[in-house]
Amino acid sequence: MQSRLAGVALQLAALATFVVMDTLIKLLTSGFPVTQVMWARFLFGFITVAIALRVTTGQFPWRSRAPGWQTLRSLTLAACNFLFTTALVHIPLADATAVGFASPLFTISLAAIVLKESVGWRRWAGVAIGLIGVVVLLRPPFIFGAAPVHWAMMLPLGTAALFAVYQILTRRLAGLDDARTTIFHTSLAAAVVMSATTPLAWTWPSGGGWAALMLLGVLGGAGHGLLVMAFTRAPASLLAPMSYTQIIWAVLAGALVFGDIPDALTVVGMAIVAVGGVLVALPDRKRGG
């Protein structure tokens, strides 16, 4: 019981860390190009993880049995972050976070199709409910009869789809590489690619700017570290549904930092997405005794 409570606390800490990171990203995009912000996110994140692995394991577990898949996984995560960061330039943090939580809906569909995993009716119902929530958030004019929301609301939806691919790749690699190797490679290829593209659009940071960019990477590395520790102490069936509390933190951060207050329809859409996601996250019940 104590271990589960520790897992819950670590999960909540990880989610809060991610919201702080996303808030910092939105702040930084007002003064730096998106590519530069992403460069800092992955480069300093990789350095943070590499140091942590060195301290805890005494080595850099870089040797992979599937380097091509590791590279693809890292670049997929980079694409996810690029779309989400671009979205934050144009739309509120809470809106982007809520649409991005459509990811489990894509993941469960891909798991059934690509990995041939058995998916029960309750999870498929969760997918359907979650997609209804996404439609409410996107507000297509042919349904709501009003002007559509900002076009950038589609970017977190792309983020959700790509993150589902990222999760499927993570599951594939679980049977090939040690978890520490996968963690090491998570930001490696992304950091290399973003380092190559950053000179195309660069704004020289002040001392405070450098500190904020480095903090961005540290927050990313720390958040993923807390997440890993949480899942070693509590079952996924307990922790996964809690991810939707991140929407609450995102709403609070958006209101306090940026003055963005979601309207009633947006709140309804967020709630529907969360309900669908929880149904998807909970494990299917086994039949029989």
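Here's a quick rundown of the structure. (Residues numbered from 1 in each chain as written. Predicted model: local features only at pLDDT ≥ 70, side-chain atom pairs only at ≥ 80, totals over all residues. Heavy atoms only, no water.)

Inspection of the entire model under this criterion finds two salt bridges. Arg180 serves as the salt-bridge partner of Asp178, at 2.9 Å between the closest nitrogen and oxygen. Judged by its relative accessible area of 38%, Asp178 is partly exposed. (Salt bridge = Lys/Arg side-chain N within 4 Å of Asp/Glu carboxyl O. Buried < 20%, exposed > 50% of the residue type's maximum accessible area, 1.4 Å probe, protein only.)

Turning next to the nonpolar core. Counting residues in hydrophobic clusters, the biggest one holds 63 residues, and the most contacted among them are Ile25, Leu28, Val37, Met38, Phe42, Leu137 and Leu216. Excluding its chain neighbours within four sequence positions, the residues that come into contact with Phe42 are Leu77, Ala78, Asn81, Ser187, Ala190, Ala191 and Met194. Membership of the second largest hydrophobic core comes to five residues, among which are Phe46, Ala50, Leu53 and Phe184. (Core = buried A, V, L, I, M, F, W, Y, C linked by side-chain atoms within 4.5 Å. Contact = heavy atoms within 4.5 Å.)

Another point: the side chain of Asn81. Structurally, the position occupied by Asn81 is in helix H3 (residues 67–90). In this structure, Asn81 is in contact with Met38, Arg41 and Phe42, ignoring residues within four places of it in sequence. (Helix = DSSP H or I, 4+ residues; strand = E, 2+ residues; numbered from the N terminus.)

Below, the discussion takes up helix H4 (residues 93–100). Along H4, eight of the eight residues are buried, which leaves the element largely enclosed by surrounding structure. All of the buried residues along H4 are Leu93, Ala94, Asp95, Ala96, Thr97, Ala98, Val99 and Gly100.

Time to look at the packing of helix H2 (residues 34–57) against H3. It is the contact of H2 with H3, at a shortest axis distance of 10 Å, that shows an interaxial angle of 135 degrees. With respect to their mutual orientation, H2 and H3 come out oblique. The two elements H2 and H3 meet at a crossing, and its hand is right-handed. Between H2 and H3, the contacting residues are Val34, Thr35, Met38, Arg41 and Phe42 on the first element and Leu77, Ala78, Asn81, Phe82, Thr85, Thr86 and Val89 on the second. Along the lines of polarity and charge, the residues of the contact of H2 with H3 split into seven nonpolar, four polar and one charged. (Axes fitted to C-alpha atoms, helices over the stretch in contact; angles between N-to-C directions. Parallel < 35°, antiparallel > 145°, perpendicular 65-115°, else oblique. Left-handed = near helix turned anticlockwise from the far one by under 90°. Nonpolar A, V, L, I, M, F, W, Y, C, P; charged D, E, K, R; others polar.)

Axis separation between H2 and helix H11 (residues 207–231) bottoms out at 7 Å; the angle between their running directions is 55 degrees. Taken together, the axes of H2 and H11 lie oblique to each other. Crossing angle aside, the handedness with which H2 passes H11 is right-handed. Seen from H2, the contacting residues are Gln36, Val37, Trp39, Ala40, Arg41, Phe44, Gly45, Thr48 and Val49; seen from H11, they are Trp210, Leu213, Met214, Leu216, Gly217, Val218, Gly220, Gly221 and His224. Residues of the contact of H2 with H11, tallied by class, amount to ten nonpolar, seven polar and one charged.

We now examine the packing of aromatic side chains. Scanning all chains against the criterion turns up ten aromatic pairs. Taking the centre distance of 5.5 Å and the plane angle of 70 degrees together, the rings of Trp39 and Trp202 count as edge-to-face. A residue pair is termed long-range when its members are at least 10 positions apart, and Trp39 in helix H2 and Trp202 in the loop between helix H10 (188–197) and H11 qualify at 163 residues. Among the residues examined, Trp202 registers a relative accessible area of 32% and is labelled partly exposed. Seen in terms of ring centroids, Phe163 and Tyr166 are 5.2 Å apart; in terms of plane orientation they differ by 25 degrees. Their pairing is stacked. In this pair, Phe163 and Tyr166 both sit in helix H8 (residues 154–174), three residues apart, roughly one turn of the helix. Judged by its relative accessible area of 29%, Phe163 is partly exposed. Assessed through its relative accessible area of 7%, Tyr166 is described here as buried. One aromatic cluster in this structure is built from Trp39, Phe44, Trp202, Trp204 and Trp210. Lying over the aromatic face of Phe258, Lys26 brings its terminal NZ or CZ to 5.4 Å of the ring centre. In this structure, Arg54 is placed above the aromatic ring of Phe60, and the distance from its NZ or CZ to the ring centre is 5.5 Å. (Phe/Tyr/Trp six-rings, centres within 6.5 Å; stacked < 30°, edge-to-face > 60°. Lys NZ or Arg CZ within 6 Å of the ring centre and 35° of its normal.)

Nothing here speaks to function; it is geometry throughout.
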